[in-house]
Amino acid sequence: MARYVQKYGGTSVGSIERIQAVAERVARFKAAGHQVVVVVSAMSGETNRLVELAAAIQDDPAERELDVLLASGEQVSVALTCMALLQRGIQARSYLAHQVAIRTNGQHTRSRIEKIDTERLQRDLEAGCVPVVAGFQGVDADGDVTTLGRGGSDTTAVAVAVAMGADECQIYTDVDGVYTTDPRVVPSARRLDRITFEEMLEMASLGSKVLHPRSVEFAGKYGVPLRVLSSFEDSGDGTLITTEESHAMEQPIISGIAFARDEAKITIQGAPDVPGVASKMLGPVSAMGIEVDMIVQNVGADGQTDFTFTVKRGDYADAMKIVLGVVEDMGAGDVTGDNRIVKVSAVGVGMRSHAGVATKMFDALARENINIQMISTSEIKISVVLDEKYLELAVRAIHEAFELSGEAREEA
Ligand code: ADP
Ligand code: ASP
Ligand code: MG
């Protein structure tokens, strides 16, 4: 007997038919003698629909109310999933975050889980009942509803798996594992049998939305085996995220290519080249809760310097407003911006022991005549910022340069 936490994403509960298929799988695990806790997302498209409703009323929706609105999507899917299980004669009970409870810090729209009470879930499992928990939502110390950020149901699942001492956390989705890059962009991308937590965390943080970054961080920190599987097919072991590096004779240099479409950059030209300018610019941006990603400052000349940084596209307008204010106060500098940029990254622990990885990536882009706007590197990744029109071409070119393709997948 094993204890599993199974998370089903939006497409996997996107219709009554898909919810029935979820119930069928849970029934099979139960019949094999396993204990199962289910975590579900909202039905596909629902969270986007709710976001649009909010935007139709308020330009910048009140975050507390947005959380109450968005959390409603998961309330529908937990109830329907329980009904599908009950209809099969399986005991099941739905739980919203406050009923578990899943405690979060109070930060609306990007809350962090602090603690999960496991009592009711434990009691259910011992009684042979399947608890079905709403993903993505939490409750703060005041009893207010919070959400964990888009894609956050993965994190709910891993946090529940950690708290319940599960043997494995299974993430069921619309692809049968983690691929060398998004198979929707490169159809010949190859499924990985295994990937290290370190690489997966980097891929997820750099934009591969197959897993929510915090879920990978949690699973790695607490050593919970994490597996990505298809809810549409029953064959295959999916991809296991593990602490072990590949035992293959040759560790691949690059494991995968990640990309983020929603980037923007802001440049300040002719800023005074004196101590404290970077902090004057970026301090107020960070103070607004805006995450600054890449930062580049040029060598100064004539007492002036240029300075560029990137933020998420959704934060572009706010960041721009702040920077324009600072530049006006300083009485120097020209501000320009571009919110049509993307970030493409090559990730791999094998990079540590190989030179020339960056050159290979830059050559691949040069051959396609793609201009690199910014570069950032770490021990296990190289990221470049490009004009958004080159995204697909760049990902394919880099994927090919590192020979990551497998056999072409059949379209699902
Ligand atoms: P869910 O609703 O199940 O959480 P998501 O849409 O959040 O599903 O994540 C699954 C999607 O992630 C896939 O359909 C795929 O397009 C995308 N994806 C991006 N990068 C990768 C990758 N490296 N491997 C597999 N899928 C990826
Ligand atoms: N329903 C939420 C979203 O669409 C959470 C999730 O799917 O993981 O972002
Ligand atoms: Mg997801």
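The paragraphs below set out a description of the structure included in this document. Here the structure is a predicted model, which is why all the values come from computation and not from measurement.

Attention now goes to helix α3 (residues 63-70). Each turn of an α-helix holds 3.6 residues, which means side chains three or four residues apart point in the same direction. Looking only at α3, the buried set comprises Leu66, Asp67 and Leu70. With its buried residues spanning 100° around the axis, α3 presents them on a single face. Against the buried residues of α3 lie α2 (46-55), α4 (72-87) and β8 (145-147).

With respect to the helices and strands, Ser231 occurs in the loop between β11 (226-230) and β12 (239-242). Residue Ser231 is classed as buried on the basis of its relative accessible area, which comes to 5%. A polar side-chain atom of Ser231 sits 2.7 Å from a polar atom in the side chain of Ser12.

A separate point is the site of ligand 2. Every residue close to ligand 2 is listed here: Ser41, Ala42, Thr47, Glu74, Phe136, Arg150, Gly151, Gly152 and Ser153. In this structure, a nitrogen atom belonging to ligand 2 sits 2.9 Å away from a side-chain N or O atom of Thr47. Taking Gly151, its main chain carries an N or O atom lying 2.9 Å from an oxygen atom of ligand 2. For ligand 2, the protein covers 86% of the area, taking 260 Å² as the surface of the free molecule. Taken together, the residues of the shell around ligand 2 break down into two nonpolar, five polar and two charged.

Another aspect to go through is the site of ligand 1. In the vicinity of ligand 1 there are 17 residues, among which Thr173, Asp174, Tyr179, Asp182 and Arg184 approach most closely. Here an oxygen atom of ligand 1 sits 3.0 Å away from a polar atom, N or O, in the side chain of Lys7. In this structure, Arg184 approaches ligand 1 through a side-chain N or O atom, which is 2.5 Å from an oxygen atom. Coverage of ligand 1 by the protein chains reaches 90% of its 570 Å² of free accessible surface. When the residues that make up the shell around ligand 1 are grouped by side-chain class, the tally is six nonpolar, six polar and five charged.

This next bit is on the pattern of salt bridges. Counted under the stated rule, the structure contains 21 salt bridges. Of the charged contacts in the structure, one is a salt bridge between Asp234 and Arg25, with a shortest N-O distance of 2.9 Å. Within this pair, whereas Asp234 is found in the loop between β11 and β12, its partner Arg25 is found in helix α1 (residues 16-31), the two being separated by 209 residues in sequence. The class of Asp234 is exposed, set by a relative accessible area of 57%. Looking at Arg25, the relative accessible area reads 5%, which means it is buried.

The next point concerns the pairing of strand β6 (residues 130-134). Where a strand is regular, its side chains alternate between the two sheet faces. Counting buried residues in β6 gives five out of five residues, a clear majority hidden from the surface. Every second residue of β6 is oriented toward a common face, with Val130, Val132 and Ala134 on one face and Pro131 and Val133 on the other, all of them buried. As paired elements, strand β2 (residues 35-40) and β6 share three bridges and run parallel to each other. Following the sheet pairing, Val40 is matched in β6 by Ala134. For strand β3 (residues 92-95) and β6, the ladder comprises four bridges, and the chain directions are parallel. Counted as the bridge partner of Tyr95 is Val133 from β6.

Remark: helix α8 (residues 197-205) packs on helix α9 (residues 213-222), axes separated minimally by 8 Å, with the N-to-C direction vectors making an angle of 165°. As the angle between them shows, α8 and α9 are arranged roughly antiparallel. Crossing hand, α8 versus α9: left-handed. In this structure, α8 uses Phe197, Met200, Leu201, Ala204 and Ser205 to contact α9, whose residues at the interface are Pro213, Val216, Glu217, Ala219 and Gly220. Class assignment of the residues belonging to the contact of α8 with α9 gives a composition of seven nonpolar, two polar and one charged.

Each value, and the rule that gives it
Residues numbered from 1 in each chain as written. Chains lettered and ligands numbered in written order. Predicted model: local features only at pLDDT ≥ 70, side-chain atom pairs only at ≥ 80, totals over all residues. Heavy atoms only, no water. Buried < 20%, exposed > 50% of the residue type's maximum accessible area, 1.4 Å probe, protein only. Helix = DSSP H or I, 4+ residues; strand = E, 2+ residues; numbered from the N terminus. Arc of directions from axis to C-beta. Contact = heavy atoms within 4.5 Å. Polar contact = N/O pair within 3.5 Å; in protein donor to acceptor, adjacent residues only side chain to side chain. Near = heavy atom within 4 Å. Areas by Shrake-Rupley, 256 points an atom, 1.4 Å probe, with all protein chains shown as cover. Nonpolar A, V, L, I, M, F, W, Y, C, P; charged D, E, K, R; others polar. Salt bridge = Lys/Arg side-chain N within 4 Å of Asp/Glu carboxyl O. Pairing = 2+ DSSP bridges. Axes fitted to C-alpha atoms, helices over the stretch in contact; angles between N-to-C directions. Parallel < 35°, antiparallel > 145°, perpendicular 65-115°, else oblique. Left-handed = near helix turned anticlockwise from the far one by under 90°.

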